[in-house]
Amino acid sequence: MPAHDVLIIGAGLAGQRAALAAATSGSSVAIMSKVHPVRSHSVAAAGGINAAINVADDWRSHAYDTVKGSDFLGDQDAIEIMCSEAPGEVMHLEHIGVTFHRNEKGELDLRAFGGASMNRTAYVADITGQAILHVLYEQLMKNHERVERYEEWFVTSLLQDDSGRCCGVIARDVRTGRMEVFAAKNVILACGGAGQTYRPTTNALIVTGDGIAQAYRVGAPLMDMEMVQYHPTTLVENGLLITEGARGEGAVLLNSEGERFMEKYAPNKMELASRDVVSRAEQTEILEGRGVGAHGEGIYLDITKVPRKRTLEALREIVNIGKDFAGVDITREPIMIRPGQHYIMGGVKTDVNGATPIEGLYAAGEVACVSVHGGNRLGANSLLDTLIFGRRAGEHAAARSSSMAMPTPPEAQLRDDAAKIDSIIARDRSGRRVSEIKDELGDTMNKYVAVYRDEQGLDKAHEVVRRLKDEAQSAYIDDRGTVFNQDVLGAIELGYMLDCAEAIVVAALERKESRGAQFRTDYPERNDDEWLKHIDITVGTDGPQVSYSPVTITQWQPEERKY
Ligand SMILES: Cc1cc2nc3c(=O)[nH]c(=O)nc-3n(C[C@H](O)[C@H](O)[C@H](O)COP(=O)(O)OP(=O)(O)OC[C@H]3O[C@@H](n4cnc5c(N)ncnc54)[C@H](O)[C@@H]3O)c2cc1C
């Protein structure tokens, strides 16, 4: 049985950064991913990464902006760590080969992003995630003697010993269908978010909440799950992202009356208010009949305000997206967008070293909730979160493993997981098709658990999710083979998404106030007296159990939030 000191599940930015950090300490490290590492969703990150690098900037200003962006739900000790360590991390990336954009003076160029009090977003055109991910992958290959790579292996379960400690995983080789037990002194989940729980979403098809659900199933608490980010600029046709970098470069939002409506909602920051505020403003314009498009379902993003030369240089990817997916030349005409699901602030609850309450189990990146984003994440703070807390988790797990013996994981789960997969493959067609259930789930979440929410809608969503969980038990697939059977993996992923959806809905029902991304039309005010606390969700015999944990406040007392 393969055995490693530190086994990392997920090879996006968080996973690769964790692997490199753990390897530096001399531990035996392995990284596993259900797709080739450079196809992880991190590759799609466009706009950039925040760090207070400018001499006129200060990490405390970045931290305050992050706290305010979080609507005071973020834990300030974790935010201080992230923002104070950011400049060093970005410099480290440059030193290992990330070609960040430089200005005419030869200095690192920084672009404006939402909710930030000054320009502090470092970028590589609008392919920042791709640029960083590829450089980290080069480093992994350079360290091939110290980091084993299991590429195209799909984890189906986390393993625990008798005392509840995490001691390995079960995984399936996607290429052959072979199942195997992996022993590990420490497992770091770096499996990304759960955007596919919604339809449409900006997230890749592989972003299905696997790590969140796996941790939840072994008893780890999830935190801030009600906080789901809708990005203000996604294509109406298919949910593809138009980066916030466009507004950072000067693009504006217009309604059907040609009005720059953000004047009404955020007179100081305008289009660069935080994402929850801008998405709500757009949705209000649409609901009040000032949307654009055949059914008034969109808003115009006018990028023609940005000099054409600059757009072609700094926003070239969205020039292509506009042409290929909407038939629009963004340098010459406005493009129709609307708010769309983009990111989940919630995830597996961890401390500032990535450790979860389950011994031997860590989490970092979008799968985790430290919580640095609280009720709303600022643009370009997620890449930073993945790298800072990926590195810290890698270092901490490696240090922990140095004083431990290799555990022997129980093997019974292997038979259970293999039998489950066989039974899915063998199902007859009496139930519903997996993809049909997934679509209904995505549409339901997007209808009832979106920018605006209320009790009636959330109850409805809860009812649908519970029915879909039942239906998923007999849902069928087409592929009966073993080689690259993505169909059967899709059925397993559906189970993960349903667990994530249930946790999101239960938490959203629980929080009877409006804060950050959670806007309850039946409780439209923020209520610090009762709700300045995290909602934790753990698995119970009859479904999700709710408890609370305090928000850590260090230097910034909650105040009214205005942009
Ligand atoms: C279109 C888009 C643009 C974005 N732009 C920005 C930006 O400009 N700036 C910013 O800060 N943030 C941005 N974000 C957010 C940010 O990119 C993500 O939050 C971040 O990259 C997540 O990284 P991660 O390492 O946590 O996970 P991911 O990159 O999603 O990687 C997850 C990994 O887990 C593996 N995995 C998952 N399940 C399993 C399993 N069962 N078995 C084995 N492996 C598994 C996957 O194969 C993958 O390797 C953007 C997001 C999107 C979708």
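Residues numbered from 1 in each chain as written. Predicted model: local features only at pLDDT ≥ 70, side-chain atom pairs only at ≥ 80, totals over all residues. Heavy atoms only, no water.

Tracing the sequence through the fold places Thr-331 in the loop between helix 10 (316-326) and strand 14 (335-344). A polar contact of 3.1 Å, which involves the side chain of Thr-331, links it to the side chain of Arg-308. What Thr-331 contacts, discounting residues up to four positions off in sequence, is Thr-304, Arg-308, Thr-311 and Leu-312. (Helix = DSSP H or I, 4+ residues; strand = E, 2+ residues; numbered from the N terminus. Polar contact = N/O pair within 3.5 Å; in protein donor to acceptor, adjacent residues only side chain to side chain. Contact = heavy atoms within 4.5 Å.)

Attention now goes to the pairing of strand 7 (residues 153-160). Judged by how many residues are buried, strand 7 sits mostly within the fold: seven of eight residues are covered. Across seven bridges, strand 7 lies against strand 8 (residues 166-173) in antiparallel orientation. Note on strand 8: the bridge partner recorded for Trp-153 is Asp-173. The antiparallel hairpin formed by strand 7 and strand 8 contains five residues in its connecting segment, where Gly-164 sits at a positive phi of about 90°. (Buried < 20%, exposed > 50% of the residue type's maximum accessible area, 1.4 Å probe, protein only. Pairing = 2+ DSSP bridges.)

With that out of the way, let us pick up the pattern of salt bridges. All told, the structure shown has 55 salt bridges when counted by the stated rule. Glu-313 is the salt-bridge partner of Arg-310, the closest N and O atoms lying 2.9 Å from each other. Residue Arg-310 and its partner Glu-313 are both found in helix 9 (residues 308-314); the two are separated by three residues, about one turn of the helix. Taken together, the shared-partner salt bridges in this structure form one network comprising Asp-71, Glu-226, Asp-276, Arg-280, Arg-511, Glu-513, Arg-515, Arg-526, Asp-528 and Arg-561. (Salt bridge = Lys/Arg side-chain N within 4 Å of Asp/Glu carboxyl O.)

Attention now moves to the site of the ligand. Ser-40, His-41, Ser-42, Glu-366 and Ser-382 are the nearest of the 38 residues found near the ligand. A distance of 2.7 Å is found between an oxygen atom of the ligand and a backbone nitrogen or oxygen belonging to Gly-47. Backbone polar atom of Ala-190 to an oxygen atom of the ligand: 3.4 Å apart, as the coordinates give it. Considering the ligand on its own, with 1,000 Å² of exposed area, one finds that the protein chains cover 98% of that surface. Elements with a contribution of two residues or more to the shell around the ligand: helix 1 (13-24), strand 7, helix 5 (210-217), strand 14 and helix 11 (382-401). Broken down by class, the residue content of the shell around the ligand amounts to 17 nonpolar, 17 polar and four charged. (Near = heavy atom within 4 Å. Areas by Shrake-Rupley, 256 points an atom, 1.4 Å probe, with all protein chains shown as cover. Nonpolar A, V, L, I, M, F, W, Y, C, P; charged D, E, K, R; others polar.)

Strand pairing in a sheet takes place through backbone hydrogen bonds and is either antiparallel or parallel in direction. With antiparallel pairing, three strands are arranged side by side in an open sheet as 3-5-4. A single partner strand is all that each edge strand has here, and the edge strands are strand 3 (49-50) and strand 4 (110-111). As defined by bridge partners, strand 4 adjoins strand 5 (residues 121-122) across two bridges and the pair is classed as antiparallel. Bridged to Arg-111 within strand 5 is Thr-121.

Where helix 13 (residues 434-448) contacts helix 14 (residues 455-472), the two axes come as close as 10 Å, and the packing angle between them is 170°. With respect to each other, helix 13 and helix 14 are oriented roughly antiparallel. Between helix 13 and helix 14, the residues in contact are Ile-437, Glu-440, Leu-441, Thr-444, Met-445 and Tyr-448 and Gly-457, Leu-458, Lys-460, Ala-461, Val-464, Val-465, Arg-467, Leu-468, Glu-471 and Ala-472, respectively. Along the lines of polarity and charge, the residues of the contact of helix 13 with helix 14 split into 10 nonpolar, two polar and four charged. (Axes fitted to C-alpha atoms, helices over the stretch in contact; angles between N-to-C directions. Parallel < 35°, antiparallel > 145°, perpendicular 65-115°, else oblique.)

Our next topic: the environment of Val-90. Here Val-90 is to be found in helix 3 (residues 76-95). The sequence separation of Val-90 and Gly-168 amounts to 78 residues, and the corresponding C-alpha distance is 32 Å. With residues near it in sequence (within four places) discarded, Val-90 still touches Ile-49, Ala-51, Ile-53, Phe-100, Leu-108 and Ala-122.

Moving on, we come to the domain arrangement of the protein chain. When the domains of the protein chain are assigned, the result is domain 1 (3-227 + 343-401), domain 2 (231-340) and domain 3 (412-523). Once you take the C-alpha centre of each, domain 2 and domain 3 turn out to be 31 Å apart. Residue-level contacts link seven residues of domain 2 with five residues of domain 3. Each partner contributes to the roughly 470 Å² buried at the junction of domain 2 and domain 3, and carbon and sulfur atoms together form 66% of this total. On the domain 2 side of the contact with domain 3, Asp-276, Arg-280 and Gln-283 bury the most area, a combined 73% of that side's loss. The interface formed by domain 2 and domain 3 contains zero salt bridges. Taken together, the connections running from domain 2 to domain 3 amount to two residue pairs in polar contact (both at pLDDT 80 or more). No other element matches the six residues that helix 8 (residues 275-287) contributes to the side of domain 2 that touches domain 3. Of the residues contributing to the side of domain 2 that touches domain 3, the split by class is two nonpolar, three polar and two charged. (Domains from an automatic or database assignment. Buried area = accessible area lost by both parts, 1.4 Å probe.)

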